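Per-entry structural report
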Amino acid sequence: MKFTKMQGLGNDYVYVNCLKEKIADPPELARKISDRHFGVGSDGLIMINPSDKADFEMEMYNADGSRAEMCGNGIRCVAKYVYDYGLTDKTYISVETLAGIKYLDLTVENGKVSLVKVDMGQPILEPEKIPVAVKGSRVVDEPLLVDGKEYRMTCVSMGNPHAVIFVDEDVKNLPLEKIGPSFENHTCFPKRVNTEFVRVIDRHTAEMRVWERGSGETLACGTGTCAVAVACVLNGLTEDAITVHLLGGDLYIEWDREKNTVYMTGPAEAVFDGEWPE
């Protein structure tokens, strides 16, 4: 089976062109191929499939084999793959995901995609749709007790659930390996949750680290960064458009509140091509 390893700000996945390849057991392959000691090493597996609703379909699995609805960094790499590898010559494409159809605007330099702007759609704020077990119409600055400590969370779904936690200290010093699993598996989140720990720098800038459901800490999370931008606005902390510093680099996020649409702009890169023994 031929594959390509790609990354968006260090959030890396193994990509398979399933217009040509067939995968019998995607969850099992995701677990094996994602292993950083015995496999290729990645945050998960992304299959590029044909679609009768859009130009392509993105079928995504986390490193633990669980199915994921959507990944912002992952979908930018899908756009780069389908253009750079000749599956399309269009610079504006649609991609079907479990979180709906997403629309991507490709910037091409010297015949290769260098930057991708993604229409990430509307942020979902209703607790039952995120889902999060909190009453009310929105979850903004709500208390959450984790391992005996109270945090304040703002919850947003960008097709997958996010809990945004604002902190005063430098996020680089947070013991994410210790607290991340406690957030992910908290009883407040029926489908587990991705957790972003955020320090707001100014009205146009924030920094974050992320613990992703099913993958652990990653260098970047596109949907998480979008959720952070929305949470910043809901808490009155930033303007509608911000740059977010992640461990793997920067993403530019804009929440167009008139259209109620979130746009994410960032890079995508191919790492290498390979073959996986079946």
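Scroll up a little and you will see the structure.
The structure contained in this document is the topic of the report that follows.

Cut-off values and rules
- Residues numbered from 1 in each chain as written.
- Predicted model: local features only at pLDDT ≥ 70, side-chain atom pairs only at ≥ 80, totals over all residues.
- Heavy atoms only, no water.
- 1 Å grid on protein atoms, 1.4 Å probe; cavity = no way out; pocket = protein on both sides within 12 Å on 5 of 7 lines; lining within 4 Å.
- Points joined across faces, edges and corners; volume = space filled by probe spheres on them.
- Nonpolar A, V, L, I, M, F, W, Y, C, P; charged D, E, K, R; others polar.
- Helix = DSSP H or I, 4+ residues; strand = E, 2+ residues; numbered from the N terminus.
- Buried < 20%, exposed > 50% of the residue type's maximum accessible area, 1.4 Å probe, protein only.
- Contact = heavy atoms within 4.5 Å.
- Phe/Tyr/Trp six-rings, centres within 6.5 Å; stacked < 30°, edge-to-face > 60°.
- Pairing = 2+ DSSP bridges.

Our next topic: empty space enclosed by the protein. With the rule as written, the count across this model stands at one cavity of 30 Å³ or more. Considering the residues around the largest cavity, the lining is formed by Met 60, Asn 62, Ala 68, Met 70, Cys 71, Asn 160, Asn 194, Glu 212, Arg 213, Cys 221 and Thr 223. Its residues assigned to classes, the lining of the largest cavity comprises five nonpolar, four polar and two charged.

This brings us to the environment of Met 158. With respect to the helices and strands, the residue Met 158 is situated in the loop between strand S10 (149–157) and strand S11 (161–166). When its relative accessible area of 1% is taken as the criterion, Met 158 is described as buried. Placed 38 residues apart in sequence, Met 158 and Glu 196 show a C-alpha to C-alpha distance of 13 Å.

All right, on to the environment of Ala 68 then. Along the polypeptide, Ala 68 turns up in strand S5 (residues 67–68). With relative accessibility at 6%, the residue Ala 68 sits in the buried group. As for Ala 68 and Ala 99, which are separated by 31 residues in sequence, their C-alpha atoms are 9.2 Å apart. In this structure Ala 68 touches Met 60, Asn 62 and Leu 98, once residues within four positions along its chain are discounted.

Further remarks concern the side chain of Asn 49. Relative to the helices and strands, Asn 49 resides in strand S3 (residues 44–49). Dropping the residues within four chain positions of it, Asn 49 is found in contact with Cys 18, Leu 19, Phe 56, Glu 57 and Glu 59.

Here we come to the packing of aromatic side chains. On inspection of all chains with the given rule, the structure shows five aromatic pairs. Seen from their ring centres, Phe 3 and Phe 272 are 6.1 Å apart, and the 75° between their planes marks the pair as edge-to-face. Pair noted here: Phe 3 is in strand S1 (residues 2–8) and Phe 272 is in strand S18 (residues 269–275), with a separation of 269 residues, a long-range link. Here Phe 272 falls in the partly exposed class, since its relative accessible area comes to 35%. Residues Tyr 92 and Tyr 103 carry aromatic rings whose centres are separated by 6.3 Å and whose planes lie at 15° to one another, so their mutual orientation is stacked. A residue pair is termed long-range when its members are at least 10 positions apart, and Tyr 92 in strand S6 (residues 92–97) and Tyr 103 in strand S7 (residues 100–109) qualify at 11 residues. Here a set of aromatic residues connected by ring pairs shows up, and it is made of Tyr 151, Phe 183 and Phe 197.

A few words on the pairing of strand S16 (residues 249–256). In the sheet, strand S15 (residues 241–246) pairs with S16 via six bridges, with the strands oriented antiparallel. For Ala 241, the partnering residue across the bridge sits in S16 and is Glu 254. Joining the antiparallel neighbours S15 and S16 is a turn of two residues. Pairing geometry for S16 and strand S17 (residues 261–267), over five bridges, is antiparallel. When the sheet's bridge partners are listed, Glu 254 is paired in S17 with Tyr 263. Connecting S16 to the antiparallel partner S17 that follows it, the hairpin turn spans four residues, and Asn 260 within it adopts a positive phi of roughly 55°.

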